[in-house]
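Coordinate inspection notes
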Amino acid sequence: MASDKSSVDFASELAVGKPNSLGNTLKIVKIVELDPKKFPQLLKLLLHKDSLVAMRAMNGTKRLMRADKDFFDPQKESLVKVYSKTKHNVVKLGLITLYFDFIKEFSSSELKQIKTLTLKWVGESEDWMILAQGLKLLEKLAKIDPRIQPEVIAVAKRLQKDARKAVATKAKKVLSGL
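Residues numbered from 1 in each chain as written. Predicted model: local features only at pLDDT ≥ 70, side-chain atom pairs only at ≥ 80, totals over all residues. Heavy atoms only, no water.

Some words on the nonpolar core
This is how the line gets drawn: Nonpolar cores were defined as sets of buried Ala, Val, Leu, Ile, Met, Phe, Trp, Tyr and Cys residues, with membership established by side-chain atoms within 4.5 Å. Each residue's exposure class comes from its accessible area (1.4 Å probe, protein chains only) as a fraction of the maximum for that residue type: buried when under 20%, exposed when over 50%, partly exposed otherwise. Strands here are runs of E lasting at least two residues and helices are runs of H or I lasting at least four, both read from the DSSP assignment and numbered beginning at the N terminus. Only heavy atoms enter the contact rule, under which two residues are in contact if any of them lie within 4.5 Å.
With 54 residues, the main nonpolar core has M65 and Y99 as its most contacted residues. Per element, the largest residue contribution to this core is 7 residues, and it comes from helix α9 (residues 128–144). Not counting the four nearest positions on each side in its chain, M65 is found in contact with F39, L43, F71, F72, Q75, L79, L98 and F102.

Here you go:
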């Protein structure tokens, strides 16, 4: 990493290391904590073409937002409108967990968009984590707005027979809870 922290190339730093490790994610988080004006630089990497960079950027983003709501508040709209355009499943999964964690912070129109995104991602994905976490988020959204229960129930019915136990179990739990 460059000794002048103002010139750090976040993408290069996040690309370093084994794929199943955090790499330099925690260094980047520390840099952003010390200089919050650099947070948009990290967020932009959620749309990076390299899935490893995007995954580590999401990890850093979640760490920062969960530790200090001041990172979340100004960016909540962009989490729904901008970064949801990602092609990376790992970023979609991270967004699903952030939507779940901060659900009370979103406006009713943002919640409607989140529901639409989550239904789309669950409908398109084969990734078991997106399916299970998406169901969890959809269940929470259906409890906030019972009008969407039929859509959530339809998804859960489809997934209750999934070969992966985590997905099928979550689907059955959603069906018994709604």
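And the narrative resumes.
Looking at the environment of P40
Considering the arrangement of structural elements, one finds P40 in helix α3 (residues 39–44). Distance in space between the C-alpha atoms of P40 and F10 is 11 Å, their sequence separation being 30 residues.

What about the environment of A67?
Mapped onto the elements, A67 comes out in helix α4 (residues 51–67). On the basis of relative accessibility, which here comes to 61%, the residue A67 falls in the exposed class. Considering only alpha carbons, one finds A67 and W128, 61 residues apart in sequence, at a separation of 27 Å.

Structural notes on the packing of aromatic side chains
This is how the line gets drawn: Classification of ring pairs uses Phe, Tyr and Trp, with its six-membered ring standing for Trp, and accepts pairs whose centres are within 6.5 Å; under 30 degrees between planes counts as stacked, over 60 as edge-to-face, and the remaining range as tilted. Only when the NZ atom of a Lys or the CZ atom of an Arg is both within 6 Å of the ring centre and within 35 degrees of the ring normal do we say a charge sits over the ring.
A complete count under the given rule lists 5 aromatic pairs for this structure. An aromatic cluster of three or more residues is present, and its members are F72, Y99, F102, F106 and W121. Cation over ring: K136 sits above F100, and NZ or CZ is 4.6 Å from the ring centre. Over the aromatic face of F100 sits the side chain of K140, whose NZ or CZ is 3.8 Å from the ring centroid.

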